[in-house]
Amino acid sequence: MYNVSLITGDGIGPELSESVVTILKTIHDKLDLKFSIKRLEAGDKALKNTGKALPDETMSAIKNSQVCLKAPVGESAADVIVVLRRALDLYANIRPAKSYPHMPALREDIDMVIVRENTEDLYTGQEFLIDNAAVAMRIISEPASKRIAKYAFETAQNRNLQKKVTCVHKSNVMRVTDGLFSKACAEVAKDYPDVTFEQMYVDACAMNLIRQPELFDVIVTTNLFGDILSDESSQVVGGLGMAPAANIGDDFALFEPVHGAAFDIAGKNIANPSSFILSMRMMLDWLSQKYNDEKCRQVGDTLEKTVYDVVKDGIKTKDIGGDKTTEEFTKEIVSRLV
Ligand code: ATP
């Protein structure tokens, strides 16, 4: 039995959470892979109700669980996810961009993953004012850069596709910080002679993601660039509704959609739950590796294939060109899982 903590979130978060709980319950009941789910509050609602975006009970319940699923939260996102990533040392943010059939996408043949350093860069919140100037601290350290590079090379080896890592930075302008990142990645590359290593400036990468996305296999980059490029890459293959993500540390992991709380469509039963369902698929993969559990891997593969088949059969939510509600889409997945 795996203990899963679930942050239900704000905006479309609760709807997506219900979808994922329904599917996890189906897996528990029909596919004989056991889960206990604890729903937790964090985000705007939690801030209003308790005065804290990440209440202490939520934090301790997450620490007592084996893995966390997190639906998107609203305006208080920085006080939730950024804090969790640092507190739990979830240093690798993994954002795959994979083609699914019949998407309103630029390309239908893409399979890449962005490995984003998750603990440093401009996202540590170290900003201050000096007279009439605003200053932000950008810290890029050698240990964190080497650790994320190692993760990227191992990802390229495990994927066994193009076996290529592209290190993305802007070292021609940010010579010290991105210079260090680039050098650290190049050093780690020497330990992986079977993986092709290349370097690319972030502006060229943003262009190539549109022009020749098939060139990419694994992109490794710093925190801010990774955040921006992964929204772009998700659009290349079909939009945020299909974009899952993982935050991984050595001992713990948290899985969440790439997108935010999408208040414009909240409460309308039209959000695409695939982003969260595919995040759960990544969770099953991680559990299978951590606990050497073959059953988890099989169920994860089945879940991904089911999402693939469902959208291939034209059963889709509005954002990807269909007319199904969140609940109808979820029901279809459930009916095919049993
Ligand atoms: P953030 O700044 O936290 O990323 P945001 O409000 O700028 O949040 P998102 O919430 O990430 O942006 O989403 C942008 C738009 O994409 C939403 O307004 C919504 O229309 C669409 N969208 C995002 N996620 C989904 C989804 N799961 N299903 C359908 N549409 C979605």
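These remarks concern the structure in this document. (Residues numbered from 1 in each chain as written. Predicted model: local features only at pLDDT ≥ 70, side-chain atom pairs only at ≥ 80, totals over all residues. Heavy atoms only, no water.)

## Focus on the overall build of the protein
Part 1 of the argument: Scanning the protein from terminus to terminus reveals 11 helices and 12 strands.
Part 2 of the argument: Viewed in the frame of its principal axes, the protein has a C-alpha envelope of about 55 × 45 × 40 Å.
Part 3 of the argument: Taking all 338 residues of the protein together, 54% fall into the buried category.
Part 4 of the argument: Considering only contacts within the protein whose residues lie at least 6 apart along the sequence, 74% involve residues at least 24 apart.
Part 5 of the argument: Accessible area of the protein: about 14700 Å², with a carbon and sulfur share of 51%.
Part 6 of the argument: Of the side-chain charges in the protein, 40 are positive and 49 negative, and the distance between the mean point of each set is 2 Å. (Helix = DSSP H or I, 4+ residues; strand = E, 2+ residues; numbered from the N terminus. Buried < 20%, exposed > 50% of the residue type's maximum accessible area, 1.4 Å probe, protein only. Contact = heavy atoms within 4.5 Å. Areas by Shrake-Rupley, 256 points an atom, 1.4 Å probe, with all protein chains shown as cover. Lys, Arg positive; Asp, Glu negative; His and termini not counted. Charge placed at Lys NZ, Arg CZ, Asp CG, Glu CD.)

## Quick look at the site of the ligand
Part 1 of the argument: Lining the immediate environment of the ligand, one finds 13 residues, of which His259, Gly260, Ala262, Asp264 and Asn272 sit closest.
Part 2 of the argument: Between the ligand and His259 there is a distance of 3.2 Å, counted from a nitrogen atom to a side-chain nitrogen or oxygen.
Part 3 of the argument: The backbone of Gly260 places a nitrogen or oxygen atom 2.5 Å from an oxygen atom of the ligand.
Part 4 of the argument: Bound to the protein, the ligand loses 59% of the 610 Å² it would expose on its own.
Part 5 of the argument: Taken together, the residues of the shell around the ligand sort by class into 6 nonpolar, 5 polar and 2 charged. (Near = heavy atom within 4 Å. Polar contact = N/O pair within 3.5 Å; in protein donor to acceptor, adjacent residues only side chain to side chain. Nonpolar A, V, L, I, M, F, W, Y, C, P; charged D, E, K, R; others polar.)

## Let's talk about the sheet that holds strand E8 (residues 164–169)
Part 1 of the argument: An order of E2-E1-E3-E12-E11-E4-E5-E10-E8-E9 is seen for the 10 strands of this open sheet, with the pairing classed as mixed. Every other strand in the sheet has two partners, leaving strand E2 (35–40) and strand E9 (196–201) as the edge strands with one partner each. Averaged over all adjacent pairs, the angle separating strand axes in this sheet is 20 degrees, with direction ignored.
Part 2 of the argument: Across the sheet, helix H1 (residues 13–30) lies against strand E1 (2–7), E2, strand E3 (67–70) and strand E12 (253–257), angled at about 165 degrees from E2, the strand it touches most.
Part 3 of the argument: The sheet strands contacting helix H8 (residues 223–237) are strand E4 (92–98), strand E5 (111–117), E8 and strand E10 (218–221), and the helix crosses E5 at an angle near 160 degrees. (Pairing = 2+ DSSP bridges. Axes fitted to C-alpha atoms, helices over the stretch in contact; angles between N-to-C directions.)

## So, the nonpolar core
Part 1 of the argument: Ranked by size, the top nonpolar core spans 66 residues in total, and within it Ile23, Phe35, Leu69, Val220, Phe255 and Met283 carry the most contacts.
Part 2 of the argument: The element contributing the most residues to this core is helix H9 (residues 274–290), with 9 residues.
Part 3 of the argument: Here this core spans two domains, and each of domain 1 (1–98 + 239–338) and domain 2 (106–236) adds at least three residues to it.
Part 4 of the argument: Setting aside chain neighbours within four positions, we find Leu69 in contact with Val4, Ser5, Leu6, Ile7, Val20, Leu24, Phe255, Phe276, Met280 and Met283. (Core = buried A, V, L, I, M, F, W, Y, C linked by side-chain atoms within 4.5 Å. Domains from an automatic or database assignment.)

## Quick look at helix H4 (residues 77–87)
Part 1 of the argument: Every buried residue of H4 is listed here: Val80, Ile81, Leu84 and Arg85. Viewed along the axis of H4, the buried residues span an arc of 110 degrees, placing them on a single side of the element.
Part 2 of the argument: Following H4 by one or two positions, Asp89 has its phi on the positive side, about 50 degrees. (Arc of directions from axis to C-beta.)

## Concerning the packing of H9 against helix H10 (residues 294–312)
Part 1 of the argument: At a closest axis distance of 8 Å, the pairing of H9 and H10 adopts a crossing angle of 160 degrees. With respect to H10, the axis of H9 lies roughly antiparallel. For H9 against H10, the interelement crossing comes out left-handed. Residues Ser274, Ile277, Leu278, Met280, Arg281, Leu284, Asp285, Leu287 and Ser288 of H9 lie in contact with H10, whose contacting residues are Cys296, Arg297, Val299, Gly300, Asp301, Leu303, Glu304 and Val307. (Parallel < 35°, antiparallel > 145°, perpendicular 65-115°, else oblique. Left-handed = near helix turned anticlockwise from the far one by under 90°.)

## Some thoughts on unusual backbone geometry
Part 1 of the argument: Backbone geometry at Asp32 places phi at a positive 60 degrees, although glycine is not the residue there.
Part 2 of the argument: Tracing the chain through its elements places Asp32 in the loop between H1 and E2.
Part 3 of the argument: One non-glycine residue, Asn269, adopts positive backbone phi at about 60 degrees.
Part 4 of the argument: A residue is classified by how much of its surface remains accessible, and Asn269, at 23% relative accessible area, is partly exposed.

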